[in-house]
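One-letter residues, chain by chain:
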Amino acid sequence: MSGFNLSDWALKHRSFVWFLMIVSLVAGAMAYVQIGREEDPNFAIKTMVVSAALPGASVVETLNQVTDRIEKKLEDLDELDKTRSITRPGQAVVYVELLDTTRAKDLPEIWQRVRNMMADIRGEFPAEFAGFQFNDRFGDVFGNLYAFTSDGFTPREVRDYVEEVRRAVQALPDSGKVEIYGTRDQVVYLEFSPERLAALGLSQAQVQQTLAAQNAILPSGEIDAGSERIMVRVGGAFNSAQSVLDVNLRVDGQFFRLTDVADIRLDYEDPPAELFRFNGKEAIGLAIGMREGANIVDFGEELSVVMEEVEANLPIGIQIDHIADQPEVVDEAVGHFIQALVEAVVIVLAVSFVSLGLRAGLVVTLTIPLVLAITFVVMHYAGFTLQRISLGALIIALGLLVDDAMIAIETMISRLEIGESLTKAASFAWTSIAFPMLSGTLVTVAGFIPIGLNNSAAGEFTFSLFVVIAVSLLVSWIVAVLFAPLLGVTLLPSKMKHHEAGPGRVRRLFHRVLRTAMRFRWVTIAITLVAFGASVWAMQFVENQFFPSSDRPELLVDFTLPQNASITETRAEMDRFEEALKGHEDVLFWSSYVGRSAPRFILSYEVLTAGPNIGQIVIQTPGVEARDRLRAELVELSETQFPGVDIFVKLLEIGPPVGRPVQFRITGPEIDVLRDHARDLAALVASDARTANVVMDWNEPSRVVRVDILQDRLRLLGLTSQDVATSLSAIYDGIGVTEIRDGTYLVDLIARGGPETRSSIDALTNLQLGASNGVAIPLSSVAVFRYDTEQPVIRQENRMPTIIVQAAISTKDQPATIVDALALKVAEFNEGLPFRYEVTVGGTVESSAESQAPIAAVVPLMLLIMAALVMMQMQSFRNALVVFAAAPLGLIGVVAALLPSGAPLGFVAILGVLALIGILIRNSIILVHEIDIQREHGLSAWDAVFNASDSRARPILLTAAAASLALIPISRQIFWGPMAYAMMGGIIAGTIVTLVFVPALYLAVHRVRKPESTG
């Protein structure tokens, strides 16, 4: 590179360049202190939940009148990927899932459009439609969860204290969304006897109207008294359960006390909608989120101070337990990564000092903090945080970012050895190899383009990998040509002795291998191609993986009972399961959720759809080994002691959540036919011995009592079907009459039948209705009863009934391996299905394919950019061919590393394999460029190839050693291990390819003959 010489400029402006280095280090230190910390990077949850209600409707009526209308309208949404719906009698829940290509910043506007679309179709619903509810914060994360348990306090009293804590937490500047969960609302129950009402000639409606009228809030006027206005207020409103007990009813001129026809009591919601317990004790939970952009570690410290003050002021008997502490987890996780980063730095330093000597190694060593410091500054101001992906990227980049500095210093040393001055030797790197290094660096960065432009959820999760590596590598080139020359002039001796001694044993061995490869070039090429072909064939034996399970110590247990199970039964089964946890040495504590799942305490956590038949236990164990031991015990317990209950013992996930790893979806228009085929599909999946706990997400029908009204008889009595339905609803579900205004809360007054009436099917036939003339009429005289079944829930995907057959894995096999093994059977099964019925793969395999598809779409762009950079540098089709031919050969080492280690080829490992292309092309560029330089200096093509390969062997080997050995600290980690193995194997094999195969291929492409005189 001629003309302006940046290295020479740096040497002429030494004070200013020293100033830049000092500023970089100080700014980097400040950025490191201030930069945010997270366990995992954020990614947008592109899902909105639309809930709607049609009280009293059957599941089919709700599906046709509510769910279908919502899903049909949502099909007009341009960004829609698919809809998932869960329909229960009177209730519809629709999940709106957007395309992966949707940008996070566009979500608020899209969610507003969804609201507008629902408002547009509001008039199309039946008159009884109760409206919509929207949850566009489905992805909110509550990193801190607290459990409040008590001894001697009522749930209402505990809730009052938790509300005080909530206000204190919300006062923190970095506090986000704060929710209380697990509360049981107070209710005044008015449990009436239909028989007593009928005997007195009263109807339920009369009682309800009387109570509602007495408690109504209505304007009562104001008196204009000249100089002032005086308000008029009418009393009589209910302010306690006692005030309801004092109510009298007037019938035919006679007064009856309300207590004559009903039992009135202040109680808690029964049955409860949900329950929360800590270590088996009833509790109230506080979920605390953080303001976006805040530092979670700092927020955790602020929160700890507040909670310590709160706990000190709580009365004896109320205890606070911290059940999810994301700040501590993040601090520990970042600490482990920093430790790994320090280990990687030490390894790279050791390579530098051993290979280059003390002074030259020190120069390379000083470039590392400079590159890291500038990278931290860019990360901080670009909004990136220190987390699993960005810190892993720094470790990966560490072995690559010293390449340029090593090459620059190697070049400087070689010039000093031939007698040049320090200044001249330091500036020579710019004129000789700066541009090839830049081209190689840009090619390496281009290898990570599929990560940067991958618009899937997994791509968003790993995006910081691209940014951090791209920034650090570009900065490393600048440091190598701007700062390294000045450091070299300062630290290296002015003269260095030229090593006249012959090559050492290792170098002589390399010379023999190189000469043999050059002499038998076609054999070398053939052997390499055979090895590459063998590695492609052996890829079928490498396990495929999406993302590994998390290495966090939590263990999750999901409970799913039959769809018609009550929350009481769900709680009973979970109580029985929790007996196994009490006093267990591998259990620190546990929290259980009945009727719901835990709040989203990490972003990659899968939130279950609430319902009385579901529950979840989150168990905290001492560590990963204890977690795995406990998991095996609980799996055996669930299989042997809990027949009829779907219990799934699982780990937390890394990246976008999937759930059960093996999944197949079967869709079709007719529910009964679909259910039959789904059972057959479940049997097919269960036929693989490696699958376990095979279930369908919905299946069994529930019992129903049908009350067929004899309309003519009913009309003779002056009643309607609406009167009967209202009476039955009031007895069994209860009807909200009014509300008691009790300070902070509104306490519902619920009218319903007595316990003996509500809990007995036989009582239905003996039920007494009040006719318009006050006469008691048995329901059996105007209705016929019969038993039947119906679906309690219907799940759809894109408006088509869908059943998901799901399975866990009982072995160490990966989901893709099992799905591949079942592929032929599933294909045959699919072909035998009727028209419009279809089976598709879901779960981990589908998520992996959806994430890899955007990668495949971007690879052509990556290759085009690489080709442009190579041609810009090489200016020769032949040389470009030689450089590109080495790119895929790293696969030889990838397979050789993955197969013996047993590491799977996961999503992140695939990204590493793609990045290898850039690394290998970079080394080839530098080697081929050196060959051309040698030929320009007058050497023959044969000698130029040999000399260039010999001279570039040392820096290429050093950079390969640094890059591969720096990956050792993260090779032990669950998430990064497969990528580390793949890249280490690929770099080692790629180095051999660069030093042996590339010279042979260069000779073959350029048709260079071996000189007669060469030995």
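Residues numbered from 1 in each chain as written. Predicted model: local features only at pLDDT ≥ 70, side-chain atom pairs only at ≥ 80, totals over all residues. Heavy atoms only, no water.

### A look at the overall build of the protein
Item 1. For the protein, the count of helices and strands is 34 helices and 30 strands.
Item 2. Dimensions of the protein, computed from C-alpha atoms along their principal axes, come out at roughly 130 × 80 × 55 Å.
Item 3. Counting across all 1015 residues of the protein, residues that qualify as buried make up 55%.
Item 4. For the protein, the share of sequence-separated contacts (at least 6 apart) that also reach a separation of at least 24 residues comes to 81%.
Item 5. Here the protein displays about 44100 Å² of accessible surface, and carbon together with sulfur accounts for 55% of that area.
Item 6. Seen as two clouds, the 81 positive and the 114 negative side-chain charges of the protein have centres 9 Å apart. (Helix = DSSP H or I, 4+ residues; strand = E, 2+ residues; numbered from the N terminus. Buried < 20%, exposed > 50% of the residue type's maximum accessible area, 1.4 Å probe, protein only. Contact = heavy atoms within 4.5 Å. Areas by Shrake-Rupley, 256 points an atom, 1.4 Å probe, with all protein chains shown as cover. Lys, Arg positive; Asp, Glu negative; His and termini not counted. Charge placed at Lys NZ, Arg CZ, Asp CG, Glu CD.)

### Brief notes about the packing of helix H11 (residues 358–382) against helix H17 (residues 484–491)
Item 1. H17 packs onto H11 with a crossing angle of 145 degrees between their chain directions and a minimal axis gap of 9 Å. The way H11 lies across H17 gives a crossing that is right-handed. Within the contact between the two elements, H11 uses Arg-359, Leu-362, Val-363, Leu-366, Thr-367 and Leu-370 and H17 uses Ala-484, Leu-487, Gly-488 and Leu-491.
Item 2. Classifying every residue of the contact of H11 with H17 by side-chain character gives seven nonpolar, two polar and one charged. (Axes fitted to C-alpha atoms, helices over the stretch in contact; angles between N-to-C directions. Left-handed = near helix turned anticlockwise from the far one by under 90°. Nonpolar A, V, L, I, M, F, W, Y, C, P; charged D, E, K, R; others polar.)

### Some remarks on the environment of Ile-318
Item 1. Along the chain, the position of Ile-318 falls in strand S15 (residues 318–325).
Item 2. Each C-alpha atom, one on Ile-318 and one on Arg-752, is 34 Å from the other, the two residues being 434 residues apart in sequence.
Item 3. In this view, Ile-318 contacts Phe-148, Thr-149, Ser-150, Phe-153 and Tyr-161; residues no more than four positions away in its chain are not counted.

### Describing the packing of aromatic side chains
Item 1. Following the criterion strictly, the structure yields 20 aromatic pairs and no others.
Item 2. Ring geometry for Phe-461 against Phe-975: centres 6.4 Å apart, planes inclined by 75 degrees, an arrangement best described as edge-to-face. Within this pair, whereas Phe-461 is found in helix H15 (residues 457–461), its partner Phe-975 is found in the loop between helix H33 (968–971) and helix H34 (977–1005), the two being separated by 514 residues in sequence. Across the pair, exposure class does not vary: Phe-461 and Phe-975 are buried alike.
Item 3. Between Phe-559 and Phe-577, the aromatic rings sit 5.1 Å apart at their centres with planes inclined by 90 degrees, giving edge-to-face as the arrangement. Of the two residues, Phe-559 is situated in strand S16 (residues 554–560) and Phe-577 in helix H20 (residues 567–578); the sequence distance between them amounts to 18 residues.
Item 4. Classification of Phe-559 as buried rests on a relative accessible area of 0%.
Item 5. Linked through ring pairs, Phe-125, Phe-129, Phe-132 and Phe-134 together constitute an aromatic cluster. (Phe/Tyr/Trp six-rings, centres within 6.5 Å; stacked < 30°, edge-to-face > 60°.)

### A few points about the packing of helix H12 (residues 388–417) against helix H32 (residues 941–965)
Two numbers describe a pair of packed helices, the interaxial angle and the distance between the axes.
Item 1. Closest axis-to-axis distance for the H12/H32 pair is 9 Å, and the angle between their directions is 155 degrees. Between H12 and H32, the interaxial angle falls into the category roughly antiparallel. Relative to H32, the crossing made by H12 is right-handed. In this structure, H12 contributes Gly-399, Leu-400, Val-402, Asp-403, Met-406, Ile-407, Glu-410 and Thr-411 to the contact, and H32 contributes Arg-952, Arg-954, Pro-955, Leu-958, Thr-959, Ala-962 and Ala-963. (Parallel < 35°, antiparallel > 145°, perpendicular 65-115°, else oblique.)

### Overview of empty space enclosed by the protein
Item 1. With the rule as written, the count across this model stands at seven cavities of 30 Å³ or more.
Item 2. Volume-wise, the largest cavity comes out at about 80 Å³.
Item 3. Looking at the largest cavity, the residues that line it are Leu-145, Ile-323, Ala-324, Glu-554, Phe-589, Ser-591, Tyr-593, Ala-598, Phe-601, Val-618, Ile-619 and Gln-620.
Item 4. Secondary structure elements with two or more residues in the lining of the largest cavity: S15, strand S17 (589–594) and strand S18 (614–620).
Item 5. A class-by-class count of the residues in the lining of the largest cavity yields nine nonpolar, two polar and one charged. (1 Å grid on protein atoms, 1.4 Å probe; cavity = no way out; pocket = protein on both sides within 12 Å on 5 of 7 lines; lining within 4 Å. Points joined across faces, edges and corners; volume = space filled by probe spheres on them.)

### Quick look at the nonpolar core
Item 1. One finds Ile-368, Ile-396, Leu-465, Phe-664, Ile-666, Ile-921 and Trp-976 to be the most contacted residues of the largest nonpolar core, which totals 199 residues.
Item 2. Looking at this core, the element that brings in the most residues is H12, giving 18 residues.
Item 3. Counting residues in each nonpolar core, the second largest holds 33 residues, with Phe-192, Val-207, Val-724 and Ile-777 among its members. (Core = buried A, V, L, I, M, F, W, Y, C linked by side-chain atoms within 4.5 Å.)

### Quick word on a nonpolar patch on the surface
Item 1. Nonpolar side chains collect at one region of the surface, where Phe-16, Phe-19 and Val-23 lie side by side and expose about 280 Å² of accessible area between them.
Item 2. The exposure class of Phe-19 is partly exposed, given its relative accessible area of 48%. (Patch = residues over 30% accessible without salt bridge, like charges linked within 9 Å, V, L, I, M, F, W, Y side chains within 5 Å. Salt bridge = Lys/Arg side-chain N within 4 Å of Asp/Glu carboxyl O.)

### Structural notes on the sheet that holds strand S12 (residues 262–268)
Item 1. An order of S12-S7-S24-S23 is seen for the four strands of this open sheet, with the pairing classed as mixed. A strand with exactly one partner marks an edge of an open sheet, and here the two such strands are S12 and strand S23 (735–742). With strand direction ignored, the average angle separating the axes of adjacent strands in the sheet is 25 degrees.
Item 2. Here strand S7 (residues 186–192) pairs with S12 via seven bridges, running antiparallel. What sits directly across from Gln-186, in S12, is Tyr-268. (Pairing = 2+ DSSP bridges.)

### Some points on helix H28 (residues 843–874)
Item 1. Here H28 is 32 residues long and its end C-alpha atoms lie 46 Å apart, about the 46 Å a rise of 1.5 Å per residue gives.
Item 2. Approximately 30 degrees is the largest bend angle found in H28, and it occurs at Val-858, with the proline Pro-860 only one to four residues beyond.
Item 3. A positive backbone phi angle near 55 degrees is found at Gln-875, which sits one or two residues after H28. (Expected span 1.5 Å × (residues − 1). Bend = angle between axes of the 7 residues up to and from the residue.)

### A few points about the side chain of Thr-67
Item 1. Looking at the element boundaries, Thr-67 is found in helix H3 (residues 59–74).
Item 2. Overall, the relative accessible area of 1% leaves Thr-67 in the buried class.
Item 3. Ignoring any residue separated from it by four or fewer positions in sequence, one finds Thr-67 in contact with Thr-62, Ser-85, Thr-87, Ala-92, Val-94 and Gln-796.

### A look at unusual backbone geometry
Item 1. Cis geometry marks the peptide bond from Asp-270 to Pro-271, where omega comes out at 0 degrees.
Item 2. In this structure, Pro-271 sits in the loop between S12 and strand S13 (275–278).
Item 3. The phi angle at Arg-1007 is positive, at roughly 55 degrees, despite the residue not being glycine.
Item 4. Its location among the elements puts Arg-1007 in the segment after H34.

### Remarks on the pattern of salt bridges
Between side chains of opposite charge, a pair can form as their charged atoms come close.
Item 1. The full count for this structure, using the stated rule, is 44 salt bridges.
Item 2. For Lys-582, the salt bridge goes to Glu-579, with nearest N and O atoms at 2.9 Å.
Item 3. Using a relative accessible area of 48% as the deciding quantity, one classes Glu-579 as partly exposed.
Item 4. Close ionic contact of Arg-660 with Asp-646 constitutes a salt bridge, the shortest N to O distance being 2.6 Å. Taken together, the residues Arg-660 in the loop between strand S19 (646–651) and strand S20 (662–667) and Asp-646 in strand S19 connect sequence positions 14 residues apart.
Item 5. Note on Arg-660: relative accessible area 6%, which makes it buried.
Item 6. Residues joined in a network through salt bridges with shared partners are Glu-191, Arg-265, Asp-267, Asp-270 and Arg-752.

### Quick look at H3
Item 1. At Thr-67, H3 shows its maximal kink, close to 35 degrees.
Item 2. Inspection of H3 places Val-59, Thr-62, Leu-63, Val-66, Thr-67, Ile-70, Glu-71 and Leu-74 among the buried residues, and these make up the whole buried set.

### A closer look at a negative patch on the surface
Item 1. On the surface, Asp-298, Glu-301, Glu-328, Asp-331 and Glu-332 cluster together to form a negatively charged patch.
Item 2. If you list the elements that add at least two residues to the negative patch, you get helix H9 (296–313) and helix H10 (326–356).
Item 3. Counting residues per element, the negative patch draws most heavily on H10, which supplies three residues.
Item 4. Relative to the helices and strands, Glu-332 is located in helix H10.
Item 5. For Glu-332, a relative accessible area of 45% translates into the label partly exposed.

### Concerning the environment of Ala-982
Item 1. Positionally, Ala-982 belongs in helix H34.
Item 2. In sequence terms Ala-982 and Leu-400 are 582 residues apart; their C-alpha atoms lie 15 Å from each other.
Item 3. Dropping the residues within four chain positions of it, Ala-982 is found in contact with Val-894, Leu-898, Val-913 and Leu-916.

### Observations regarding the pairing of S18
Item 1. In terms of burial, S18 is largely enclosed, as seven of its seven residues are buried.
Item 2. Side-chain alternation along S18 places Ile-614, Gln-616, Val-618 and Gln-620 on one buried face and Gly-615, Ile-617 and Ile-619 on a second face that is also buried.
Item 3. One ladder, built from seven bridges, connects S16 with S18; its direction is antiparallel. What sits directly across from Asp-558, in S18, is Gln-616.
Item 4. Relative to S18, S17 runs antiparallel, the two being bridged by six bridges. Residue Trp-590 lies in a different strand from S18, and its bridge partner there is Ile-619.

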